[in-house]
Amino acid sequence: MAGGSSSSTASTPSLVDSLFQRSLDDLIKSLRSQLAGTEPVLLSRALAEIRREIRSSDPDTKAIALQKLTYLSSLYGLDASWAAFHALELLPSSSLLHKRLAYLAASLSFHPSTTDVIPLSTHQLRKDLSPSSPPHFSSLALHLLSLSASPDLARHLAPDLLPLLSPRSSPPSPLRPKAAAVALRALSLCPDVVPLLFKPLVDCLSSPDPRVVSAAVGAFAELASSGDPSPYLHLAPEFYRVLADSRSNWILIKLLKIFARLAPLEPRLAARLVDPLCDLLRRSSAQSLVFECVRTVFSGLPDHDRAVRLAVDKVREFLASADDPNLRYLGLRALSMLGPPHSWAVEESREAVTRSLADPDPNIRREALRLIMGMVFDSNVFEISILLVNYALKSDPIFANDILDAVLTTCGRNVYELIVDFDWYVSLLGEMARNPHCTRGEEIERQLVDIGLRVRDARPELVRVARDLLIDPALLGNPFLCRILSAAAWVSGEYVEFSRKPLELVEALLQPRTSLLPPLVRAVYIQAVFKVIVFCFNTYIDQLEISQLSSLGNSTTGGASSVIESKSAAAASCIADGITGIESNDGIATGDKPASLFSSMENKDPFTYESLTKMLILIETAVDLLAENDEVEVQERARNVLGLIHMLREVPTWKTEEQGFIKDNRIGEIVNLLQSMFSEELGPVSVNAQKRVPVPEGLVLEENLANLAWTLAEDDTAPSMSISFSLRSHQHGETKDDAVSSVQSTSLLAEHRKRHGLYYLPAEKDETESNDYPRANDPLLPASQGDASEDLVRLTDQSMIPRKVKHSKPRPVVIKLDEGDAVLTSPLTAVKESKDDLLSGAIHDVLLGKEGKPSSSQKRYLDKSSQRRVKDVSDNGESISLSKENLDLGDKEHRSSGSRRSKHRSHGKERHRSPQKNEEKEEKNHRNSTRSSHHHERHKHRQRGEALLNVAPQAPVIQDFLL
Amino acid sequence: MVIRELSGLILTRGPKLCNFVEWKGYKVVYRRYASLYFCMGIDADDNELEILEIIHHFVEILDRYFGSVCELDLIFNFHKAYYILDEILIAGELQESSKKTVARLIAAQDSLVETAQEQANSISNMIAQATK
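The rules behind each value
Here the residue numbers are simple positions, counted from 1 along each chain's written sequence. Chain A is the first chain written and ligand 1 is the first ligand written, with later ones labelled in order. The predicted origin of the model limits local features to residues at a pLDDT of at least 70 and limits the giving and counting of side-chain atom pairs to 80 or more, whereas totals for whole chains, interfaces and linings rest on all residues. As a convention, hydrogens and water are excluded, and side-chain values are obtained from all of the structure's heavy atoms. UniProt positions are given in the numbering used here, feature names are shortened, and annotations may be inferred rather than shown by experiment. Take the buried residues of types Ala, Val, Leu, Ile, Met, Phe, Trp, Tyr and Cys, join any two whose side-chain atoms come within 4.5 Å, and each joined set is a nonpolar core. Buried means the residue's accessible area, taken with a 1.4 Å probe over protein chains only, is under 20% of the maximum for its type, while exposed means over 50%, and partly exposed covers the values in between. Working definition: helices are DSSP H or I runs of at least four residues, strands are E runs of at least two. Numbering for both runs from the N terminus. The criterion used for residue contact is that any of the two residues' heavy atoms lie within 4.5 Å. Here's the idea: put two parts together, see how much 1.4 Å probe accessible area each one loses, and the total over both is what we call buried area. By salt bridge we mean one thing: a side-chain nitrogen of Lys or Arg within 4 Å of a carboxyl oxygen of Asp or Glu. In this classification, the charged set is Asp, Glu, Lys and Arg, the nonpolar set is Ala, Val, Leu, Ile, Met, Phe, Trp, Tyr, Cys and Pro, and all remaining amino acids, among them Gly, are polar. Angular values range over 0 to 180 degrees, each being the angle between N-to-C directions of two axes fitted as lines to C-alpha atoms, with helices fitted over their stretch in contact. Oblique is the label for any angle not covered by the other classes, which are roughly parallel (under 35 degrees), roughly antiparallel (over 145) and roughly perpendicular (65 to 115). Each helix crossing is assigned a hand: it is left-handed if the near helix lies turned anticlockwise from the far helix by less than a right angle, otherwise right-handed if that turn is clockwise. Polar contact is defined as a pair of N or O atoms within 3.5 Å, subject to the rule that within protein one atom must be able to donate a hydrogen and the other to accept it, and that residues adjacent in sequence are counted only when both atoms are side-chain atoms.

An unreviewed UniProt entry annotates chain B as AP complex subunit sigma of Cocos nucifera. The record in UniProt for chain B states the following under Subunit (unreviewed entry): "Adaptor protein complex 1 (AP-1) is a heterotetramer composed of two large adaptins (gamma-type subunit and beta-type subunit), a medium adaptin (mu-type subunit) and a small adaptin (sigma-type subunit)." In its Function (unreviewed entry) section, the UniProt record describing chain B reads: "Subunit of clathrin-associated adaptor protein complex 1 that plays a role in protein sorting at the trans-Golgi network and early endosomes (TGN/EE). The AP complexes mediate the recruitment of clathrin to membranes and the recognition of sorting signals within the cytosolic tails of transmembrane cargo molecules."

Looking at an unreviewed UniProt entry, chain A carries the name AP-3 complex subunit delta, with the source organism given as Cocos nucifera. UniProt, in its Sequence similarities (unreviewed entry) section for chain A, records the words "Belongs to the adaptor complexes large subunit family." Listed in UniProt under the heading Subunit (unreviewed entry), the comment for chain A reads: "Adaptor protein complex 3 (AP-3) is a heterotetramer."

Below, the structure written as structure tokens:
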């Protein structure tokens, strides 16, 4: 019916519209009775209808339109922000029906940052908040303020909250609790209003009405947890009184939250809290309260053994509750709050924790994993990682990958700070790659390459692991593993000198199933082949030269080393025994290889002319097929390899006899040239390397490049053309081969298969069919859940407590860069910090005024009458900064009230500090004693270097300065 | 968007699992009543068990108001559910722990609205008749 009437009125709503308006019920019914798939149509029709009706001058029509819109926006997620103005239009209505709808629509459509009509509502809100308007109206206004107030709105309306908050208005407003909650919003949005609102809020704490107390306590809990809690420290007696008086669990939970923040700041408060907390822990039957007590003890009173003991017992009860997964989950959460000093607590319940790894709830499993990984130290990383990686084989795919993730991040943390035995870790990476569920290829790839670059001593093992991965044809079909294989191929190409059997490596790299790999990975494979060829020839030549030299009559070592000065020592070692002189050789490529390598390479087959020829033929056969590959990367690299082989073949003498080979040194030159290309060691690159490059003079980076767009447009078709051109021009005499290669390919393939029968399944017919190659490492039998958890319990045999282990092997050098770079904080946190500072600073001011004590420098000193202590206000929470460049100890020595949260934000604070330096200087003479200790501490910090960046330093102790 | 992702996450969870999920850095506490799910996103340091109790509190009040509440009650009276929620929570804090008080407040508002509505209806009827 609405459709018929709307055709005549396209845009302006008419009386007809309002008469025949669909009600909300109609709309809901039509949406619910819709046919499948018509929902978008119905929704857009309804929206069009609303858009028309909402402009009606009739408040009823407008209200119903708004109501329909709020329905659609909250149930169907339609955007309602466009209607903010219409909601505003309806706010002044005197009917509660309309007003409620208008406020509801406003709270859903107002976004404090984006809605520009919010200021228009100020007047109406003020009117509704005034004591003369009915409490229902004020309540609505308070709700809107609590949900979508902007800082400006908070500032303008703060005075209007006062009558509602005040205890003196008689009778006390029934809206006082709501007003208290809104006052909290106003305070956090706009610190300017603190002087106005803070005192009434404090007064609420002593109200006889528990609702008011509850609201006020809730507000303070929010304030204390969102910013710096130290300003609220001297309200502690007040909170303590409420704690003693109140019997409401709702209030107690909020109070405990406040105390959890305050207790670390003030040891005496913590001491006084122990008794009431233990009392609550023992007596309360409400699990929520018990849990909050546990959290308070763990975060606020970790040094009070009696309380911690009791709390840990409660947590064990939680963990043991078989029928309540919530308690098990929360128990694990609570345990993870305890730091390393309390690892005995985890130790005690380790059986429950490890059993949780097999819990039916994935969230509990994840939490248990997180807890276990938090307990990893360099002494037990070995056992825990191995057990977890083995357990991952049996668990479901998602959790298996969570485990792998956890192990990878923990072990890779801070440039592998936990890892001592890299050989072990590298082989662990290999095992992870073989997990059938593994989808973490990228991270494993990154770590394999990264370790190769950073840890020289791990390379032989790395090459061994890479070889095992490469040689297994079953891994090639798994798309998640191709990244790992790419890393393995790169590693074995780059560090081929550690490979025992380069020929076997070549066969692995060229096995037919590599066709399953994505082109970029194939390109890496082919490049690795290239490196292997160069290495083999280089070794071969060295071999010849040395045997020649020794046949010349074992000339002096000096002479020998001068001839082969630029040759690879490692290569030389694999040929002849007894050439000890060479060890003093300082070759370019491998001069500083550890001596242990030599022994491992002795059993390597020396290259012979035959083996090299065989290798070349093998490579040529396999790579020839790729010279016409569609993928540019593969094609280009394949042609590079073919070009090299071609070049080597063109030198006639190398085939004839070995003597002539030395005389005609062309091949030696070629190989040397290529070898020197690859011999330069690749190192890790600093994250900030790019930033350190100075901008060349005259280069304008900010210049607008838009006017160059036409060049791009013209070049659009060029790339593919140019690439094929350049390739062809570089290959000499290849075109003939290209033409026939496709014809040959089938026969070559057959030949290849004959030779590498081992890589094929007997029944295999087609390359494409091989995609469903069975995984070689499928778990044999899916172990039952019970078995799994039994296995897990075995983990408990290993202690999770850190213990000192003597490492048989010194930790190898790990190249690190970016020391100190990691401490950069985002500007976002800095901004937040400054806001927090404003708020807590403002609150300090208010408290100062309240105490009525004079102070020399406003907001710097706070005389706490109860405890006679001076705390530094504006600098509180500042930690010892770890930034290396700032060596000015003068302004470092503060101490701070040691909130742990501020640790990672210390950078944000630096900028607030400068105006205070003068004041600090005045104080210096008071602090001589503390300074020396800080000196010491800073030294320690520097020695431990960036290991500290992630580890939270111990909370500094509060210092008493009696004035 | 939020609703779609969260419901996908929560609905797939079995009945005997815990009531907490983590989602994009938030903690979400949910509770299931027959076919109705109630979810609340909370801060990292909020007490999960307390939130469960708040949800239960809300549901009890809804139940009392609608008389064994069901999905349809909430769909057709979604704004009333909002009003009730407003009486229980403000700025994310529980402000009224007494079920009776909430019921009384809501009833008072409803009666006000009804009288207003009756008036409004009579006026619009008059207008409607006048324009015929």
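Participant: Help me out: how do you make sense of the nonpolar core in this one?
Facilitator: All names here are of chain A. Counting residues in hydrophobic clusters, the biggest one holds 273 residues, and the most contacted among them are Phe-220, Phe-298, Tyr-425, Ile-533 and Ile-619. Of the residues forming this core, the biggest block, 15 residues, is contributed by helix α30 (residues 519-551). The contact partners of Tyr-425, leaving out residues within four places of it in the chain, are Leu-408, Cys-411, Gly-412, Tyr-416, Ile-419, Gln-447 and Ile-451.

Participant: Just checking my understanding: could you explain the interface of chain B and chain A for this structure?
Facilitator: When the parts come together, some accessible area is lost, and that loss is often what is quoted as the size of the interface. Facing 49 residues of chain B, the contacting portion of chain A comprises 55 residues. Between chain B and chain A, a total of about 4700 Å² is buried, with carbon and sulfur atoms accounting for 59% of that surface. Between the two partners, chain B and chain A, sit five salt bridges. In this structure, A:Lys178 engages B:Glu87 in a salt bridge whose closest nitrogen and oxygen atoms are separated by 3.2 Å. Where the side of chain B that touches chain A is concerned, the elements lending two or more residues are β1 (20-23), α2 (48-66), α3 (71-76), α4 (78-88), β4 (89-90), β5 (93-94) and α5 (99-131) of chain B. A total of eleven residues in the side of chain B that touches chain A trace back to one element, the largest contributor, which is α5(B). Per-class residue counts for the side of chain B that touches chain A are 25 nonpolar, nine polar and 15 charged.

Participant: Teacher, can you tell me more about the side chain of A:His136 here?
Facilitator: Among the secondary structure elements, A:His136 is positioned in helix α9 (residues 135-148). According to the relative accessible area criterion, A:His136 is buried, its value standing at 16%. Beyond its immediate sequence surroundings of up to four residues, A:His136 is in contact with A:Leu96, B:Ala108, B:Gln109 and B:Leu112.

Participant: Would you mind showing me how to read the packing of helix α22 (residues 362-374) of chain A against helix α24 (residues 397-416) of chain A here?
Facilitator: A pair of packed helices is characterised by two quantities: the angle between their axes and the separation of those axes. Residue and element names in this part refer to chain A. Where α22 contacts α24, the two axes come as close as 11 Å, and the packing angle between them is 20°. On the basis of the axis angle, α22 is roughly parallel to α24. Note that α22 runs across α24; the crossing there is right-handed. Where α22 approaches α24, its residues Arg-365, Arg-366, Leu-369 and Met-373 are matched on the opposing element by Phe-399, Asp-402, Ile-403, Ala-406, Val-407 and Thr-410. When the residues that make up the contact of α22 with α24 are grouped by side-chain class, the tally is six nonpolar, one polar and three charged.

Participant: Help me understand the packing of helix α18 (residues 305-320) of chain A against helix α19 (residues 325-337) of chain A in this model?
Facilitator: Residues and elements named next belong to chain A. At a minimum axis separation of 7 Å, α18 and α19 run at an interaxial angle of 140°. The handedness of the crossing between α18 and α19 is left-handed. Along the contact surface, α18 presents Val-315, Phe-318 and Leu-319, while α19 presents Leu-327, Arg-328, Gly-331, Leu-332, Ala-334 and Leu-335.

Participant: What should I look at first to understand the side chain of A:Asp472 in this one?
Facilitator: All names here are of chain A. Structurally, Asp-472 can be placed in the loop between α27 (459-471) and α28 (482-494). The exposure class assigned to Asp-472 is buried, which follows from its relative accessible area of 12%. In terms of polar contacts, Asp-472 uses its side chain to reach the side chain of Arg-434, at 3.1 Å.

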